[in-house]
Amino acid sequence: MRAPGRSNRRAAGEVEASAVAWAIDGVDDRAVAAAARLMEHGVRVRVAGERFELGGAELARGSLLLLPADNARFAGDLAARIDATADELDLPVVSLTTGLGDGDLPDIGGGHFTLLEPPRIALASRGYVSTLGFGEIWHLLDQKIGIRHSHLDFDTLDFADLRRYNVLVLPNLWWGDLEESTRKSLEAWVEAGGTLVAVAGGAAQLTGKDSSLSRVRRLPDVLDRLDDFELAVLREWMAERSVLPPADQTWSHVLAEEPEYPWSDLAALTRPSTAELERRDEWQRMFMPQGAMLAARVDQRHWLTAGTGPVLPVLFLAGYYGSAGVLMAESGVEAPIRFGVLSPSDDATAARRVGWGPVPAGQDLHLRMSGLLWPEAAVRIANSAFVTRECRGNGQVILSSGAEEPRSYQRRAPV
């Protein structure tokens with residue numbers, strides 16, 4: 001990402017009106033603001049699902065593509081609007097003279113550029129909503145991105161008309177629980193096509209043991225079925241390495257030997273009893289970090305991680321910001337960002353289990369980047385999800401764990 005501040009390298013009027021398309025590199029965080037502001041003016045925007053190269057310009061996954069064909073009904077000078085928006089944000093715009101990518105690279109006419117739906121955002125406020133969490137998100141939407149949004153009273157969510165919005169953001173909550181009527185209202189809205197985004201204590205409200213809004217769970221609630229969540233981590237590891245069986249077995253007409261399973265290396269390892277796991281988890285919670293910088297591994301193919309590298313520093317901050325706890329994502333739930341980065345080990349280590357989660361053979365798991373991180377907390381956090389995404393009917397639920405709140409500050413049941 002570009003360093004903060006202005007580059008002073010952009011000159012107004014650099015957008016060429018005769019271009020076949022215009023592009024804004026998604027490696028810069030300000031591309032998100034550009035997309036939002038352009039859609040506010042009625043410009044239709046596409047986003048690239050993977051890296052592409054057109055006319056000698058190399059553009060990252062998540063870059064914006066603006067096509068005259070998409071904007072045939074735009075009322076005004078499209079090139080001038082793009083230029084003005086880019087000038088506001090000091091963003092360079094690439095004027096493309098061809099839509100044909102070299103070799104297997106994406107072409108403009110292919111299916112790698114998704115047309116974005118203009119967001120109609122509601123942000124929950126008041127009631128049990130943390131003023132700090134609300135203010136942080138409000139500042140992001142209003143000042144950083146610059147997009148219109150509405151503030152909805154948290155206590156009115158069960159009878160508010162949510163149909164006018166397609167995105168609802170639930171910030172951290174100080175205390176309290178969602179009413180059953182509110183849960184049903186949110187569930188119906190998501191099923192109809194809404195995107196529900198919840199952070200920290202807001203996410204905690206959606207991840208209860210019997211929640212119907214999300215399949216994500218908190219660690220204390222799933223200590224009796226950890227194998228399901230361990231399998232999800234192993235599947236992601238196999239997908240990352242593109243593990244395939246030997247070609248001669250795949251194309252053989254003769255039945256091959258018993259295939260190798262993701263959990264084969266861990267089959268000989270045993271887990272403590274559920275009662276012992278609960279005892280350990282209760283002890284580990286007392287050591288959760290209050291401001292450590294942790295390393296998270298990033299799925300470089302997921303749309304939520306556009307603009308990020310393979311390793312993301314995450315501030316695991318305790319205190320008054322609240323937490324969703326340690327989030328557990330099983331198969332069927334996407335976890336584009338997980339705590340802990342795998343790297344080849346200097347020793348020929350065997351597959352092992354650290355805390356609840358696996359570490360593949362020949363790998364080390366790196367977690368702490370800076371700050372105080374007790375071993376008890378490290379094994380509890382490792383392999384858990386920082387961000388999750390899942391489909392619910394025609395909509396989706398996106399959760400972020402936030403930070404773990406220390407016991408002395410908790411105003412609700414420990415997570």
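You'll find the structure just up there.
Residues numbered from 1 in each chain as written. Predicted model: local features only at pLDDT ≥ 70, side-chain atom pairs only at ≥ 80, totals over all residues. Heavy atoms only, no water.

A. Structural view of the overall build of the protein chain. Counting secondary structure elements, the protein chain contains nine helices and 23 strands. Referenced to the eigenvectors of the C-alpha coordinate spread, the extents of the protein chain come out at roughly 70 × 60 × 40 Å. When burial is assessed residue by residue, the protein chain has 47% of its 415 residues classed as buried. Look at the contacts in the protein chain between residues 6 or more apart in sequence, and 76% of them connect residues 24 or more apart. Element-wise, carbon and sulfur atoms account for 52% of the exposed surface of the protein chain, whose accessible area totals about 20900 Å². If the 43 positive side-chain charges of the protein chain are averaged to one point and the 57 negative ones to another, these points end up 5 Å apart. (Helix = DSSP H or I, 4+ residues; strand = E, 2+ residues; numbered from the N terminus. Buried < 20%, exposed > 50% of the residue type's maximum accessible area, 1.4 Å probe, protein only. Contact = heavy atoms within 4.5 Å. Areas by Shrake-Rupley, 256 points an atom, 1.4 Å probe, with all protein chains shown as cover. Lys, Arg positive; Asp, Glu negative; His and termini not counted. Charge placed at Lys NZ, Arg CZ, Asp CG, Glu CD.)

B. Examining the environment of glycine 395 more closely. As for its position among the elements, glycine 395 is in strand S23 (residues 395–400). The exposure class of glycine 395 is buried, given its relative accessible area of 8%. Glycine 395 sits 62 residues away from valine 333 along the chain, and the two C-alpha atoms are 14 Å apart. In contact with glycine 395, other than residues within four places in its own chain, are Val190, Glu191, Gly193, Gly194 and Glu390.

C. Inspection of the packing of helix H1 (residues 30–40) against helix H2 (residues 78–89) at higher detail. Where H1 meets H2, the closest approach of the two axes is 10 Å, and the angle between their N-to-C directions is 140°. Judged on the interaxial angle alone, H2 and H1 are oblique. Considering the relative orientation of H1 and H2, their crossing is right-handed. The segment H1 lies against H2, with Arg30, Ala33, Ala34, Arg37 and Leu38 engaging Arg81, Ile82, Thr85, Glu88 and Leu89. Its residues assigned to classes, the contact of H1 with H2 comprises five nonpolar, one polar and four charged. (Axes fitted to C-alpha atoms, helices over the stretch in contact; angles between N-to-C directions. Parallel < 35°, antiparallel > 145°, perpendicular 65-115°, else oblique. Left-handed = near helix turned anticlockwise from the far one by under 90°. Nonpolar A, V, L, I, M, F, W, Y, C, P; charged D, E, K, R; others polar.)

D. View of the pairing of S23. In terms of burial, S23 is a largely internal element, six of the six residues being buried. Here S23 shows no split at all, with Gly395, Val397 and Leu399 on one side and Gln396, Ile398 and Ser400 on the other all buried. Pairing analysis gives five bridges linking strand S11 (residues 195–199) to S23, with the strands arranged parallel. Along S23, the bridge assignment pairs alanine 198 with leucine 399. Note: strand S22 (residues 385–392) against S23, six bridges, orientation antiparallel. From the neighbouring strand, cysteine 391 faces S23, where its bridge partner is glutamine 396. (Pairing = 2+ DSSP bridges.)

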